[in-house]
Amino acid sequence: MAELTVVIVSWNVRDLLAACLRSLFADLERWGGAAEVWVVDNGSTDGTPEMVARDFPPVRLIASEENLGFAAGNNRAMREILGEGAPQVAGRGARGAGRGAQVAGRRAQSAGRRVHVWLLNPDTEVLPGATAALVEALESHPRAGVVGAKLLYPDGSLQHSAFRFPGLLQLAFDLFPLPARLYETPLNGRYPRRLYEGTAPFPVDHPLGAAMMVRTEAIRQVGLLDEGFRMYCEEIDWCWRMRKAGWKALCVPTAQVVHHAGQSTKQVPIPSFVNLWTSRARLYRKHHGPVRRRLARALVRMGMRRRMRGASQEWRG
């Protein structure tokens, strides 16, 4: 049976993280495979590191004094998990995994076993059977580099969990008012709801990064997350690079995870907005040609001017 390492990057969501870890450990026990759980805390001030150390002693905790962002935080753990030498962490004061984690990474590598890495958001709750379903999907589909869970809102309704790679149309949906009936269509990068209602994994361009499990062979081939994306679009870029390297992505409807979306980013709405559009610009530069990039810039300029006019009129009124 494949080994599994779960990595959770957290920032000031202590209570949500505690609920996530309780649900995760319960499902790992139900699955029965060999697993480790890592938490990378990004400089939380709400007592998160102390809670993890006190209430979840099996967790390998890395506590950074500053917020590294999603990509760098996950990479901090994955470098040790994959045995790729000393991790590069911004700032001083990181503590936690140390020599034991490095030994574990080398042991898994030297034994030649596959170690799947599950990137999990701290604002999620793992429902029974999700771990087993994701591992089974990777084991049953040798060319799948990444598999994602079916995400649910806290009220049990579907949260779209996978998307097509973004192009010009998705930008238009984000920036301009378009007919409401089109928002859940392929034009906006969505997959049909009927696929989520089935039991078979279905091919996608990329799953949402809140709960995605990755094959280590794919990571070693395409590299870690691009730390140029501080927040947003990291998983899209990663999956795009995997696609170009010949790997596939799947969404697994039987792996269900509740996602309390946006609990970290809503703490800093303005920086999050800036990060979103900065990351989108980087994504388009990396994966689209010059013509599409120019058209994308023109769309964004028009859309932002429209938003600014609307905000100005609202403020005056």
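Structure: see above.
Residues numbered from 1 in each chain as written. Predicted model: local features only at pLDDT ≥ 70, side-chain atom pairs only at ≥ 80, totals over all residues. Heavy atoms only, no water.

**Student:** Help me get a handle on the overall build of the chain, residues and values and all.
**Tutor:** Along its length, the chain carries 11 helices and 12 strands. When the 317 residues of the chain are sorted by exposure, 51% land in the buried category. Look at the contacts in the chain between residues 6 or more apart in sequence, and 80% of them connect residues 24 or more apart. As displayed, the chain offers around 14700 Å² of accessible surface, 54% of which is attributable to carbon and sulfur atoms. (Helix = DSSP H or I, 4+ residues; strand = E, 2+ residues; numbered from the N terminus. Buried < 20%, exposed > 50% of the residue type's maximum accessible area, 1.4 Å probe, protein only. Contact = heavy atoms within 4.5 Å. Areas by Shrake-Rupley, 256 points an atom, 1.4 Å probe, with all protein chains shown as cover.)

**Student:** Could you give an account of the side chain of Thr124, naming the residues involved and the relevant values?
**Tutor:** Structurally, Thr124 is set in strand β5 (residues 124–126). Within the structure, the side chain of Thr124 is placed 2.6 Å from the backbone oxygen of Asn121, a separation counted as a polar contact. (Polar contact = N/O pair within 3.5 Å; in protein donor to acceptor, adjacent residues only side chain to side chain.)

**Student:** If you had to explain the packing of helix α1 (residues 14–31) against helix α5 (residues 130–140) to someone new, which residues and values would you point to?
**Tutor:** Taken N-terminus to C-terminus, the directions of α1 and α5 make an angle of 60 degrees; their axes are 7 Å apart at the nearest point. Classified by the interaxial angle, the pair formed by α1 and α5 is oblique. Between α1, through Asp27, Leu28 and Trp31, and α5, the contact on the second element is made entirely by Ala130, Thr131, Ala132 and Val135. Within the contact of α1 with α5, the residues separate by chemical class into five nonpolar, one polar and one charged. (Axes fitted to C-alpha atoms, helices over the stretch in contact; angles between N-to-C directions. Parallel < 35°, antiparallel > 145°, perpendicular 65-115°, else oblique. Nonpolar A, V, L, I, M, F, W, Y, C, P; charged D, E, K, R; others polar.)

**Student:** Got a sec to walk through the pairing of strand β1 (residues 3–10)? Specific residues and values, please.
**Tutor:** Burial analysis of β1 places eight of its eight residues in the buried class, the great majority of the element. Of the two faces of β1, the one holding Glu3, Thr5, Val7 and Val9 and the one holding Leu4, Val6, Ile8 and Ser10 are both buried throughout. The pairing of β1 with strand β4 (residues 115–120) spans six bridges and is parallel. Of the residues in β4, the one forming a bridge with Leu4 is His116. Of the pairings in the sheet, the one linking β1 to strand β2 (residues 35–42) comprises seven bridges and is parallel in character. For Ile8, the partnering residue across the bridge sits in β2 and is Val39. In terms of handedness, the path from β1 via α1 over to β2 forms a crossover that is right-handed. (Pairing = 2+ DSSP bridges. Right-handed = clockwise from strand over helix to strand, strands pointing away.)

**Student:** Explain the packing of aromatic side chains to me, using residue names and the numbers behind them.
**Tutor:** Per the counting criterion, the structure on display carries five aromatic pairs. Geometrically, the ring pair formed by Phe25 and Phe56 is stacked, given 6.2 Å between the ring centres and 10 degrees between the ring planes. Residue Phe25 is found in helix α1, and its partner Phe56 is found in the loop between α2 (48–55) and β3 (60–64); the two are separated by 31 residues along the sequence. Ring plane angle 80 degrees and centroid distance 5.0 Å describe the contact between Phe173 and Tyr183, whose orientation is recorded as edge-to-face. Taken together, the positions of Phe173 in helix α6 (residues 168–175) and Tyr183 in the loop between α6 and α7 (193–197) put the pair 10 residues apart, joining distant regions of the chain. The exposure class assigned to Tyr183 is partly exposed, which follows from its relative accessible area of 28%. Grouping aromatic residues by their ring pairs yields a cluster made of Tyr191, Tyr196 and Phe202. Arg143 extends its terminal NZ or CZ atom over the ring of Trp247, reaching a point 4.0 Å from the ring centre. Positioned above the aromatic ring of Phe229, the side-chain terminus of Arg282 is 5.3 Å from the ring centre. (Phe/Tyr/Trp six-rings, centres within 6.5 Å; stacked < 30°, edge-to-face > 60°. Lys NZ or Arg CZ within 6 Å of the ring centre and 35° of its normal.)

**Student:** Residue-level account of the environment of Thr131, with values.
**Tutor:** Looking at where Thr131 falls in the secondary structure, it is placed in helix α5. Judged by relative accessible area, which is 0%, Thr131 ranks as buried. Through-space distance from the C-alpha of Thr131 to that of Glu29 is 9.8 Å; in sequence the pair is 102 residues apart. Apart from residues lying up to four places away in sequence, Thr131 is in contact with Leu4, Asp27, Leu28, Trp31, Trp118, Val126 and Met213.

Everything listed here is a matter of geometry and, on its own, says nothing about what the molecule does.
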